[in-house]
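# Reading the structure
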Amino acid sequence: MKTAFITGITGQDGAYLAKLLLSKGYEVHGGVRRISHPETTRLDLLGITRDIHLHEFDLGEPNNIFRTIRDLKPDEFYNLAAQSFVGSSWDLPAYTADVDGMAVVRILDTLRTVSPETRFYQASTSEMFGLVQEVPQRETTRLYPRSPYGVAKVYGHYITMNYRESFGMHASSGILFNHESPLRGKEFVTRKITLGLAAIARGGNAAVELGNMDSKRDWGFAGDYVDGMWRMLQQDEPDDYVLATGVTTTIRDFFTYAAEALDMNLDWVGEGEQETAIDRKSGRLVMKVNPKFYRPAEVELLIGDATKARNALGWEAQTSVRDLAAMMAKADFDAQAA
Ligand code: NAP
Ligand code: G4F
């Protein structure tokens, strides 16, 4: 039986990855940081909390990382934990640098010292492409991060590459484009949209307030993407791979797809800060722009080229953005039934 350790096991990807690894017969361990109210909601929703081993773990604490790895020496180590919300990274820049950047070298250096055979996965991100230098973005595209989060992730990405090249470690980075699900955090735009629309469909009257409606994202389903992470660690040689759908969509179009799944038909009125959306059937205002959600610097366009992953890993995204929006909207509508 293989053992795996997942940092960020309580997060969206951690929960789906834990479920996937259990289905493959792994003994699954995961790190949970100390908070006042232990949070295993996602693991509970997937029905796997009792099947995994949870360890107190914090990316900020070098000796905690050291002891965890020394005692467990897992076959595979997936570093998914992060301060993952781009918007907060301008308010928490130094914290984000530490948790999303420096912590990666804490883990790699511990692995190198006490468990060099462990295979390592780093959660890199399309946010590193930022002000994109090439369309679509691939593994070789020059990085140009646009947020403290993106900058911290660039460090994590390059230090993973550096430990691979310096010490021959099996260390790979997945450069993942946005991936969502009904387990997505409520502050991210897709989930904010589906939660808000579900509440309106249930009779609520608060319009969803959003920022930049024109930015474009390459959105896939998180359940598909964790399979790609696992495939990377099964390769004989470590490497870096883009995982993406190859389709890009505006926030406005994602909103429209989610609304259609809840039987709404929208009229879009106005532009910029005056933009609104109105449901034709009910005449209700369902979206208005609130500039407080604009970012100090924006990533306007992301669209990935996952050819390398398709050829080397046999991986392809399985879920269209329209199906993803419908899946999330319906899940939130059902969950609000009570
Ligand atoms: P998420 O839902 O926000 O989960 C983040 C996880 O990290 C949570 O389990 C959180 O614990 C944990 N964590 C945060 N700070 C920590 C600390 N100091 N010590 C230990 N654990 C800590 O994120 P996700 O969407 O699953 O993303 C997983 C990883 O992929 C992240 O590294 C993210 O940056 C990266 N990524 C995500 C996407 C995407 O579209 N989802 C795309 C590219 C890359 P709590 O439960 O206690 O908060
Ligand atoms: O959903 P978002 O917050 O995701 P973002 O910034 O793309 O980051 C996510 O994907 C990255 C991969 O590229 C991950 F690395 C990262 O951890 C995270 O998972 O915002 C998406 C877009 C942005 O352009 C934002 O300005 O939506 C725009 N947006 C417009 N109104 C909004 C809102 N975003 C949020 N969160 N809330 C709004 O009201």
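Cut-offs used in this document
- Residues numbered from 1 in each chain as written.
- Chains lettered and ligands numbered in written order.
- Predicted model: local features only at pLDDT ≥ 70, side-chain atom pairs only at ≥ 80, totals over all residues.
- Heavy atoms only, no water.
- Near = heavy atom within 4 Å.
- Polar contact = N/O pair within 3.5 Å; in protein donor to acceptor, adjacent residues only side chain to side chain.
- Areas by Shrake-Rupley, 256 points an atom, 1.4 Å probe, with all protein chains shown as cover.
- Helix = DSSP H or I, 4+ residues; strand = E, 2+ residues; numbered from the N terminus.
- Nonpolar A, V, L, I, M, F, W, Y, C, P; charged D, E, K, R; others polar.
- Pairing = 2+ DSSP bridges.
- Axes fitted to C-alpha atoms, helices over the stretch in contact; angles between N-to-C directions.
- Contact = heavy atoms within 4.5 Å.
- Buried < 20%, exposed > 50% of the residue type's maximum accessible area, 1.4 Å probe, protein only.
- Arc of directions from axis to C-beta.
- Phe/Tyr/Trp six-rings, centres within 6.5 Å; stacked < 30°, edge-to-face > 60°.
- Domains from an automatic or database assignment.
- Buried area = accessible area lost by both parts, 1.4 Å probe.
- Salt bridge = Lys/Arg side-chain N within 4 Å of Asp/Glu carboxyl O.

With that settled, the discussion passes to the site of ligand 1. Around ligand 1, 25 residues are found, and the nearest of them are Thr10, Asp13, Ser84, Tyr149 and Lys153. Here an oxygen atom of ligand 1 sits 2.6 Å away from a polar atom, N or O, in the side chain of Thr10. Across the complex, the protein chains shield 90% of the 910 Å² of accessible surface that ligand 1 would expose by itself. Residue assignment for the shell around ligand 1 shows that the elements contributing at least two residues are helix H1 (12–23), helix H4 (93–114), strand E5 (119–125) and helix H5 (148–167). Of the residues that constitute the shell around ligand 1, the class distribution is 11 nonpolar, nine polar and five charged.

Strand order in the open sheet made by the four strands is E8-E15-E14-E13, with mixed pairing throughout. Each edge of the open sheet carries a strand with a single partner, namely strand E8 (208–210) and strand E13 (266–269). Shown here is a sheet whose adjacent strand axes are inclined to one another by a mean of 15°, direction ignored. Sheet analysis places E13 next to strand E14 (residues 276–279), joined by four bridges and oriented antiparallel. The residue bridging Val269 from the neighbouring strand is Thr276, located in E14. Here helix H6 (residues 189–201) sits on the sheet in contact with E8 and strand E15 (285–289), set at roughly 155° to E8. Those strands touched by helix H8 (residues 251–261) are E8, E13 and E15, and its axis lies near 155° from that of E13.

Within the span of helix H3 (residues 62–72), buried status applies to Asn64, Ile65, Thr68 and Ile69. Down the axis, H3 shows its buried residues gathered within 120° of arc, on one side only. In the stretch just after H3, Lys73 is the one whose phi turns positive, near 40°.

Moving on to the packing of aromatic side chains. Evaluated as defined, the whole model comprises 11 aromatic pairs. On the numbers, 5.3 Å between centres and 55° between planes, the contact of Phe5 with Phe57 is tilted. A residue pair is termed long-range when its members are at least 10 positions apart, and Phe5 in strand E1 (residues 3–7) and Phe57 in the loop between strand E3 (53–56) and H3 qualify at 52 residues. You'll find Phe5 and Phe57 in the same group, each marked buried. Here the aromatic residues Phe5, Phe57, Phe77 and Phe120 are joined through ring pairs into a cluster of three or more.

The subject of this paragraph is the domain arrangement of the protein chain. One can read the domain layout of the protein chain as domain 1 (3–181 + 219–247 + 302–318) and domain 2 (189–215 + 250–300 + 326–335). Here domain 1 and domain 2 have C-alpha centroids that lie 30 Å from each other. Contacts between domain 1 and domain 2 engage 12 residues on the former and 14 residues on the latter. The contact between domain 1 and domain 2 buries some 1,100 Å² in all, and 71% of this surface belongs to carbon and sulfur atoms. A per-residue breakdown of the area domain 1 buries against domain 2 is headed by Trp90, Arg146 and Trp219, which together make up 49% of the total. The interface formed by domain 1 and domain 2 includes zero salt bridges. The tally of links between domain 1 and domain 2 comes to two residue pairs in polar contact (both at pLDDT 80 or more). Looking at side-chain class alone, the side of domain 1 that touches domain 2 contains six nonpolar, three polar and three charged residues.

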